[in-house]
Amino acid sequence: MEPSLYNTSVSAYVSGLVRLRGFIDRTAEHLAKCGFEEGPLLGRSLARRLHPLGRQILSACLHAERDPARVAGLEPPPRATAPMTLSALRERVERALTFVRSIAPDRIDGNADRRVRDGWSQVSGSDYLRRHSIPHFYFHLTVVYITLRRSGIPVSKADFVGAAGETGAA
Amino acid sequence: MPVTTFAAANAIPHGEPGQARGSFPEALGNKRVSPSLYEASIPLYNRGLNGLRLILGRARVHAGGDSESSLLTSGVDDRLNTLAGQVVLACHRAATDIRRVLGFEVGKRPKPPASFDDMDRLIGQTTALLDSVDADALNGVQGSKIAVGSAQKGTRRMIGATEFILLHSIPQFYFHLTTAYVILRYNGVPLRKPDFLGSSGPTP
């Protein structure tokens, strides 16, 4: 693997979205086993003015789809706010995965210098993905993870990092 | 004192004296070069740690300036590390993963700092350490292999250094940064969106 902009962003998003899908599956299994409803869980927020779980899942999808699309000069898929059910959110993650996987590496690596709008300023595609997009994506992924942990869903740090959880420290 | 040990244990030996030190983005100038492992990792860790320093500064103000505030031992879940623990893990992650890739022995994880002063010092030491990394040395080991996973669980495997940094180290690094941020928000510290990472922060 090369440390290209594509691998830094898109490959990381593919890997992260696969984990996000795993979180959703783990949650669905657990809720089915316990007979709990998913509504209250998806509406659960970790802190005042922090979006609830369902919206955090959606935000991760939106960053993964829209940020690389902007750099690549591609039309991103419509925002499509999925209904707040686990199955709809799982489909939403699948859709994000399909789109993100369809982005050709050249579209990202070849547009690293392309100027894109970030808020009120113009930044390079490379800075946009590295400084803005990646922190946002991992922010939402982590908030999803912590919300599930706090809600008693048996997700572990190994689910977050795959086989790399060598320290086991959470 | 654990923080001093951390710096000493993790100091990164230099190559030849006078060898060009890599910096970002000045070293790249206007010339289009293919991105290097250095470019893809060091500035990112440093930005993250600077953002962490910023939110801890705001937390300290919120705690009325108390350096040994109970915020340090606050968490968001019993099975997740406390604020001080997350700060140590973020620093340790960045420092030891880069050291591993460079082929150096990994230092011991320091104990969680007991004060905001200690956390600030630890972050300062970590960014200084990252700044001392020789870009050519780091780029020279892009192809090396790193062991990940656990031998006991039978998940141990070898992956490339770049994959290790991009898909394992950086996600975990952000995990600890985000968890520290969430612990502060959870405990009522009035952080704003842009506080997470300099000028561009996460949506709420």
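Asks: How should the overall build of chain A be read in this particular structure?
Replies: Scanning chain A from N- to C-terminus turns up seven helices and two strands. Ordered by position from N to C terminus, the α and β elements of chain A give α-α-α-α-α-β-β-α-α. In terms of overall size, chain A behaves like a compact globule, its C-alpha atoms giving a radius of gyration of 16 Å where 170 residues would be expected to give roughly 15 Å. With the principal axes as the frame, chain A shows a C-alpha extent of 50 × 35 × 30 Å.

Asks: Can you help me understand the overall build of chain B in this one?
Replies: Each helix and strand in chain B was counted, giving six helices and two strands. Starting at the N terminus, the α and β elements of chain B follow one another as α-α-α-α-α-β-β-α. Expressed as a percentage of the 204 residues in chain B, the buried residues total 54%. Look at the contacts in chain B between residues 6 or more apart in sequence, and 72% of them connect residues 24 or more apart. About 8,800 Å² of surface is accessible on chain B, with carbon and sulfur atoms providing 51% of the total.

Asks: What is the right way to look at the packing of helix α6 (residues 125-150) of chain A against helix α6 (residues 161-186) of chain B in this model?
Replies: Helix-helix packing is characterised by the crossing angle of the two axes and by the distance between the axes. Where α6(A) meets α6(B), the axes come as close as 8 Å, and the angle between the chain directions of the two elements is 65 degrees. Put simply, α6(A) runs roughly perpendicular to α6(B). In the packing of α6(A) onto α6(B), the handedness of the crossing is right-handed. Packed against α6(A), whose contacting residues are A:Arg130, A:Ile134, A:Pro135, A:Tyr138, A:Phe139, A:Thr142, A:Val143, A:Tyr145, A:Ile146 and A:Arg150, the element α6(B) presents B:Leu166, B:Ile170, B:Pro171, B:Tyr174, B:Phe175, B:Thr178, B:Thr179, B:Tyr181, B:Val182 and B:Tyr186 at the interface.

Asks: Is there a simple way to explain the packing of aromatic side chains in this structure?
Replies: Ring pairs (aromatic) are described by centroid distance and by the angle formed between their planes. Residues and elements named next belong to chain A. As enumerated under the stated definition, the model contains eight aromatic pairs over all chains in all. When the ring of Tyr13 is compared with that of Phe137, the centres are 4.6 Å apart and the planes differ by 50 degrees; the resulting orientation is tilted. Linking Tyr13 in helix α1 (residues 5-34) with Phe137 in helix α6, this pair joins segments that are 124 residues apart in sequence. Note on Tyr13: relative accessible area 0%, which makes it buried. Taking 5.6 Å as the distance between ring centres and 65 degrees as the angle between the ring planes, the aromatic pair formed by Phe137 and Tyr138 counts as edge-to-face. Considered together, Phe137 and Tyr138 belong to a single accessibility category, that of buried residues.

Asks: Sorry if this is basic, but what is going on with the interface of chain A and chain B here?
Replies: Where interface size is quoted, it is often the accessible area lost as the parts come together. At the junction of the two partners, chain A supplies 48 residues and chain B supplies 50 residues. Surface buried jointly by chain A and chain B totals about 4,200 Å² across both partners, of which 60% is contributed by carbon and sulfur atoms. Taken together, the links from chain A to chain B amount to one salt bridge. Counting across the interface, chain A meets chain B through six residue pairs in polar contact (both at pLDDT 80 or more). Of all the secondary-structure elements, those providing two or more residues to the side of chain A that touches chain B are α1, α3 (53-72), α6 and α7 (157-161) of chain A. In terms of residue count, α6(A) provides more of the side of chain A that touches chain B than any other element does, 16 residues in total.

Asks: Whenever I open this one, the nonpolar core confuses me. Can you help?
Replies: One broad rule of soluble globular proteins: the nonpolar side chains tend to lie buried together. One finds A:Leu17, B:Leu52 and B:Leu138 to be the most contacted residues of the largest nonpolar core, which totals 107 residues. Take this core: its biggest share by element is 15 residues, from α6(B). Not counting the four nearest positions on each side in its chain, B:Leu52 is found in contact with B:Val87, B:Ala90, B:Ile123, B:Leu177 and B:Ala180.

Asks: Sorry, what's going on with empty space enclosed by the protein here?
Replies: Empty space among the atoms becomes apparent when a probe as large as a water molecule is rolled across them. What the rule picks out here adds up to four cavities of 30 Å³ or more. Estimates place the volume of the largest cavity at around 70 Å³. As for the largest cavity, its lining consists of A:Ala12, A:Ser15, A:Gly16, A:Arg19, A:Tyr138, A:Leu141, A:Phe160, A:Val161, B:Leu167 and B:Pro171. Elements that contribute at least two residues to the lining of the largest cavity include exactly α1, α6 and α7 of chain A together with α6 of chain B.

Asks: So what exactly am I meant to see when it comes to helix α3 (residues 83-102) of chain B here?
Replies: What sets the pattern is the α-helix's 3.6 residues per turn: residues three or four places apart point alike. Residue and element names in this part refer to chain B. The end-to-end C-alpha distance of α3 is 29 Å, a good match for the 28 Å that 20 residues give at a rise of 1.5 Å each. Counting buried positions along α3 gives 19 out of 20 residues, so the element sits mostly inside the fold. Just past α3, the residue Gly103 takes up positive phi, approximately 90 degrees.

Asks: For this particular structure, what's the right way to read the pattern of salt bridges?
Replies: Two side chains bearing opposite charge may form a pair once their charged atoms approach each other closely. All names here are of chain B. Throughout the structure, instances matching the rule amount to twelve salt bridges over all chains. Arg60 is paired through a salt bridge with Asp117; the nearest N and O atoms lie 2.8 Å apart. Of the two residues, Arg60 sits in helix α2 (residues 37-62) while Asp117 sits in helix α4 (residues 116-131), which places them 57 residues apart along the sequence. Using a relative accessible area of 24% as the deciding quantity, one classes Arg60 as partly exposed.

Asks: For this particular structure, what's the right way to read unusual backbone geometry?
Replies: With the exception of glycine, most residues fall at negative phi, and the peptide bonds are largely trans. One non-glycine residue, A:Arg49, adopts positive backbone phi at about 65 degrees. Assignment of secondary structure puts A:Arg49 in the loop between α2 (39-42) and α3.

Rules and cut-offs
Residues numbered from 1 in each chain as written. Chains lettered and ligands numbered in written order. Predicted model: local features only at pLDDT ≥ 70, side-chain atom pairs only at ≥ 80, totals over all residues. Heavy atoms only, no water. Helix = DSSP H or I, 4+ residues; strand = E, 2+ residues; numbered from the N terminus. Rg over C-alpha atoms; globule rule 2.2 N^0.38 Å. Buried < 20%, exposed > 50% of the residue type's maximum accessible area, 1.4 Å probe, protein only. Contact = heavy atoms within 4.5 Å. Areas by Shrake-Rupley, 256 points an atom, 1.4 Å probe, with all protein chains shown as cover. Axes fitted to C-alpha atoms, helices over the stretch in contact; angles between N-to-C directions. Parallel < 35°, antiparallel > 145°, perpendicular 65-115°, else oblique. Left-handed = near helix turned anticlockwise from the far one by under 90°. Phe/Tyr/Trp six-rings, centres within 6.5 Å; stacked < 30°, edge-to-face > 60°. Buried area = accessible area lost by both parts, 1.4 Å probe. Salt bridge = Lys/Arg side-chain N within 4 Å of Asp/Glu carboxyl O. Polar contact = N/O pair within 3.5 Å; in protein donor to acceptor, adjacent residues only side chain to side chain. Core = buried A, V, L, I, M, F, W, Y, C linked by side-chain atoms within 4.5 Å. 1 Å grid on protein atoms, 1.4 Å probe; cavity = no way out; pocket = protein on both sides within 12 Å on 5 of 7 lines; lining within 4 Å. Points joined across faces, edges and corners; volume = space filled by probe spheres on them. Expected span 1.5 Å × (residues − 1).

By themselves, these observations are geometric and do not establish any function.
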